[in-house]
Every structure is written in structure tokens, then in C-alpha cells.
Amino acid sequence: MPSPQEKVDVVLIGGGIMSATLGAMLTELQPDWNIRVYEKLDYVASESSDPWNNAGTGHAALCELNYTPEDSNGDIDLQKASTINQQFHHSRQYWSHLVDTGVLTDPKSFINPIPHVSYGRGEKGRDYIKRRYETMVRNPLFSQMEYSDDPSQQAEWLPLMFEGRGPGQVNGISRTELGTDVDFGSLSRQLLSYIADKGATVRTSHQVTDLDRSSDGWTLTVKDLLSHETHQVGAKFVFVGAGGGALPLLQKSGIPEGRGYGGFPVSGIFLRTSNPDVVAGHQAKVYGQAAQGAPPMSVPHLDTRVVDGKDYLMFGPYAGFSPKFLKKGRFTDLPFSVRGNNIATMLNVAKDNTDLVTYLLGELAATKKARFEAMHQFIPNIDPSDWEFIQAGQRVQVMKKDPKKGGVLQFGTELISSADGSIAALLGASPGASTAVPIMVNLLKTCFPREFAGWEKSFKDMIPSLGRDLVDDETLLKEVSEYTARTLQLI
């Protein structure tokens, strides 16, 4: 292989929220480092971070029922919800820091206050929501939550969903006004513009096609998709933040830590409306309960979205299956990802998740009429002419080795790094974007242990609650909540 034509300190692969967050942190922590960003598409944040490729929920475990599982005794486990909520507090604090320092100038361009609501239908659903509420409200993180099974109160909170419903219906909802809607596309683009202004190079229509070890890091093969020319770039550190495209690049790196991982792609469709009369009747993100066999990312929800200053409603997602790892990927992505070191993992996952495959294939075959009938559970009076179908982004769930089952399907994110810390890749999906800040802090701590000691004071300025438990320190919780609400204009 020819010698690299140029050398940089850091290469970030992918122009979404993960690379943007890591780039912004490194730009502040190490302004002398040379950073390069490569994005395959002609515009950054066009895949998973694009607002129409995700629900834009500021995932804080306020309304997402899969973060509060119920055991056989009816007890609600808050461990995951508490962790995710505090991680989102870290993200909000970092964004507030960027507003304070002038990096982000208009918080409403990427984050807006929207109530978060959990919704249970029928007596069983109502009882679960009530037990969940009664458990959560005792935790300081969720103490402002409200509950109602009164139809008149529900209609006041959510008129589009509950006004005009027939008598005798039983529903339970919990609600908090602390929720947010986040446009991760806008946020990503602002952060990438910031690092470019500070000297980083952001190149779109450039695809990293290969990675090879070098004496001082990595040599990347990069193809200019417009000129079709290929060149090599040397980097001391590489972050693979390419969403669904991260797994193939992780495999090409050949690091032993990446062996055995596979990816299970899930596609999705949303219904969207901008009809102001419809949108005005629903100011909330309402999450319901998943269907039997459905993946957590397929939980039905009716969301207020704020994109470019305009309000919309989205309902979905209607899940399905596609072998593509990216929305603009290839049908060969899944079969080409099969390796000798992960085929056993993938086969074991397939064996143990036949109900999930059946569910996804059924969703894929659903008619438009059936999809509107699913939305009817949320909105009793639907005019299909108000709504349009839009294709959501691809989500690639992690398949990993398991000593007992041979392989498991993991819903969440997985950070994989080499032993020497010279390369890291992020696999998986929700609640990824909302927790990008703590994920990247963890990456820096893992891959740059020597430097991290010198960065700790800066991180305390960026994220005041980092390393502290907000559940045990209600004074700090109040301080950081008030600080971020004021700075991000959420009040």
C-alpha cells in the first residue's frame, strides 16, 4: 500500500450526531489537533440524525415504557430509566455549555419543550401505567410526573386523542412537562460547522472504503464519490460513527474486539401531517405499549415534531425488514456482513427470535388501511387525506456473543474499542442520539486515558453532574435542571 498522502490526528467517519459531538468535544479539549470528518452522502446528518429518520424524542425515560419493565410480581424496575434519564441530563448540560460559550446560538433550532406521555389501553394497560407512575414519582428524577384515568382530564391534556371518544373506554396516562423534542440533524450540522470554523476539515461525498494498521495508528483508504479518485490518509485515532455503516468498517479494521458482532437491520415508516388544525390538537409525545414480539424501537407513538420552526405530528413507526444497513445502503449489506466469527452468533439470534421475524414480516405486508387502523387506537377520528407516509431511517440492532445462548439481540448501543485505544466504533440504536454526550465521554476516557486526567476539569465545566448521582443529590438535580431549562429556553 502506498504511503498516506496526508496525516491527521483524528478521523471521524460519518457526519451524524455522534461524530459531531466527539468532534466538538475534541475541538475544545485539544484545539491543536487536526480533525478530519468523512461523510458518504452529499450532506451531513442525512441518515439516522435527520429529523425525518427518527422520532426526535429527547430520550429521558419519561414516557418510553420499554425502559421500565415489569416483573412477574407487578413491580417496576427503574434502574434503566434512572440511568438513561441521568445520561440525558448530561447531554442537556453539555448543550447548555455550548450555548453559554456561543457555539450554539439558538437553542430552539434544535430543542423544544414538549410534554412526554405514557399511554395504556384497557384495564391491564391502565393498571400498568398507574403502577409505573406510583413507582416513578417516588424517584426525584420523575417526581413531577402526573397520572390520570379520568376521561375529562385526558381530553384536556390530549384533545386529539381523547375528545369525542365513546363512553366506557378505559385508559391510563402519565404525563410530565419536562419532556423535549430534539432535531438531531440541526444540532449535528451546527456542531460540524463549529469544528470546521475552528480548523477541522469536513468532507462530504467521501467514503472510507478500507482501514489498515500503520506504525502510528491507521491508514484509511478514502474514495471521492464525485471524482471517483482514491487516496490514503493516516490517522492516529479513528472513530467509526457511521450508523448502520459502522459494522462493515469495524469488520474491515480486523481488531479482535470486533469479532463475533453482527447486525440486525429494522426498517420503518411514519405517518406525518402538517395540517395546522390537526397539529393544534396534540402537543405531546405519547408512547404506547409494544405489540407482542415487537422490538423496543417499534413502540407506537404519536409525536409533536418541531423542524425548522414548524410544528408537525408523526405517528409510527410501522416496522419492517430490509437487508440494508443504511436508508441509502445496499441490499447486500446484511449478507456481506456475515463472517466466520459471527455466523454462529447470528444463527443463534435467528433461532431465538422467530417471533420478532414473524412480526416484522407481518408489518412489512400490512396495507395502508391496516396502518391507519393501528393509528386509530391513538386517534379515534382520522382523515387519511391529512396524513402522508414517509420512510424512516434504518436501525441496525446489535447481535453479540453470549456464553449461555450463543448469541443475543441487544437493543441499545455498544461502544467497541481496540486495546490500544486507536480506534472505536459505535453500534446499535436508541437511545443513542439522546445519550451521545455520555457515550462520547466514555469513549474519550477509554481511548485517551492519559489525556483524560488533564481533561477532567474541563468536563466538570461542560457537565457539572458528571460522575455524581442525581438521585442521591436532589440539590444538584435542582441546580442542573434549572440551569439547562433556562439556558436551552425550555421554560
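This is a predicted model, so every value here is computed, not measured. (Residues numbered from 1 in each chain as written. Predicted model: local features only at pLDDT ≥ 70, side-chain atom pairs only at ≥ 80, totals over all residues. Heavy atoms only, no water.)

Student: Give me the lowdown on a nonpolar patch on the surface, citing residues and values where you can.
Tutor: Residues Val338, Ile343 and Leu347 make up a contiguous nonpolar surface patch of roughly 250 Å² in combined accessible area. Tracing the backbone shows Leu347 in helix α10 (residues 343-352). Here Leu347 falls in the exposed class, since its relative accessible area comes to 56%. (Patch = residues over 30% accessible without salt bridge, like charges linked within 9 Å, V, L, I, M, F, W, Y side chains within 5 Å. Areas by Shrake-Rupley, 256 points an atom, 1.4 Å probe, with all protein chains shown as cover. Salt bridge = Lys/Arg side-chain N within 4 Å of Asp/Glu carboxyl O. Helix = DSSP H or I, 4+ residues; strand = E, 2+ residues; numbered from the N terminus. Buried < 20%, exposed > 50% of the residue type's maximum accessible area, 1.4 Å probe, protein only.)

Student: Which residues make up the pairing of strand β10 (residues 217-224), and what values do they have?
Tutor: Each regular strand carries side chains that alternate between the two faces of the sheet. Burial analysis of β10 places seven of its eight residues in the buried class, which makes it a mostly covered element. In the sheet, strand β9 (residues 206-214) pairs with β10 via eight bridges, with the strands oriented antiparallel. Residue pairing across strands places Asp212 opposite Thr219, the latter belonging to β10. Counting the residues that bridge the hairpin from β9 to β10 gives two residues. Alignment of β10 against strand β11 (residues 230-240), held across six bridges, turns out to be antiparallel. (Pairing = 2+ DSSP bridges.)

Student: Outline the packing of aromatic side chains, supporting the account with residue identities and numerical values.
Tutor: A complete count under the given rule lists 17 aromatic pairs for this structure. An angle of 55° between the planes, with centres 6.5 Å apart, marks the rings of Tyr318 and Phe389 as tilted. Placement of the pair is Tyr318 in strand β15 (residues 310-320) and Phe389 in strand β16 (residues 388-391), with a sequence separation of 71 residues. Given a relative accessible area of 6%, Tyr318 falls into the buried group. The class of Phe389 is partly exposed, set by a relative accessible area of 27%. Among the aromatic residues, those joined into a ring-pair cluster are Tyr119, Phe162, Phe315, Tyr318, Phe372, Phe378 and Phe389. Against the face of Trp52 rests Arg272, its NZ or CZ located 4.4 Å from the ring centre. The positively charged end of Lys324 is found above the aromatic ring belonging to Phe331, 4.6 Å away from the centroid. (Phe/Tyr/Trp six-rings, centres within 6.5 Å; stacked < 30°, edge-to-face > 60°. Lys NZ or Arg CZ within 6 Å of the ring centre and 35° of its normal.)

Student: Can you lay out helix α15 (residues 474-487) for me, pointing to particular residues and giving the numbers?
Tutor: End to end, α15 covers 20 Å across 14 residues, agreeing with the expected 20 Å (1.5 Å per residue, within 8%). Positive backbone phi, approximately 60°, marks Gln489, located one or two places after α15. (Expected span 1.5 Å × (residues − 1).)

Student: Summarise unusual backbone geometry; cite the residues concerned and give the values.
Tutor: Omega for the peptide link from Gly316 to Pro317 comes to -5°, which places this bond in the cis form. Secondary-structure assignment places Pro317 in strand β15. Phi angles above zero are rare outside glycine, and Ser205 is one such case at about 55°. Residue placement: Ser205 occurs in the loop between β8 (201-203) and β9. The class for Ser205 is buried, based on a relative accessible area of 8%.

Student: Would you mind going over the pairing of strand β2 (residues 35-38) in detail, with residue names and values included?
Tutor: Here β2 shows two buried faces, one formed by Ile35 and Val37 and the other by Arg36 and Tyr38. Across four bridges, strand β1 (residues 6-13) lies against β2 in parallel orientation. The partner of Leu12 across the bridge, within β2, is Val37. Crossover connection from β1 via helix α1 (residues 17-29) to parallel β2: handedness right-handed. Pairing analysis gives three bridges linking β2 to β8, with the strands arranged parallel. Looking across to β8, one finds that Val37 is bridged to Val202. (Right-handed = clockwise from strand over helix to strand, strands pointing away.)

Student: Quick rundown of the packing of α1 against helix α6 (residues 184-197)? Include the residues and the values.
Tutor: It is at 9 Å that the axes of α1 and α6 come closest, and there the two elements cross at 35°. Seen from above, α1 lies across α6 with left-handed handedness. Every residue of α6 that contacts α1 at Ile17, Ala20, Thr21, Gly23, Ala24, Thr27 and Glu28 is listed here: Phe184, Leu187, Ser188, Leu191, Leu192, Tyr194 and Ile195. Grouping the amino acids of the contact of α1 with α6 by side-chain chemistry returns nine nonpolar, four polar and one charged. (Axes fitted to C-alpha atoms, helices over the stretch in contact; angles between N-to-C directions. Left-handed = near helix turned anticlockwise from the far one by under 90°. Contact = heavy atoms within 4.5 Å. Nonpolar A, V, L, I, M, F, W, Y, C, P; charged D, E, K, R; others polar.)

That's the geometry; what it means functionally is another story.
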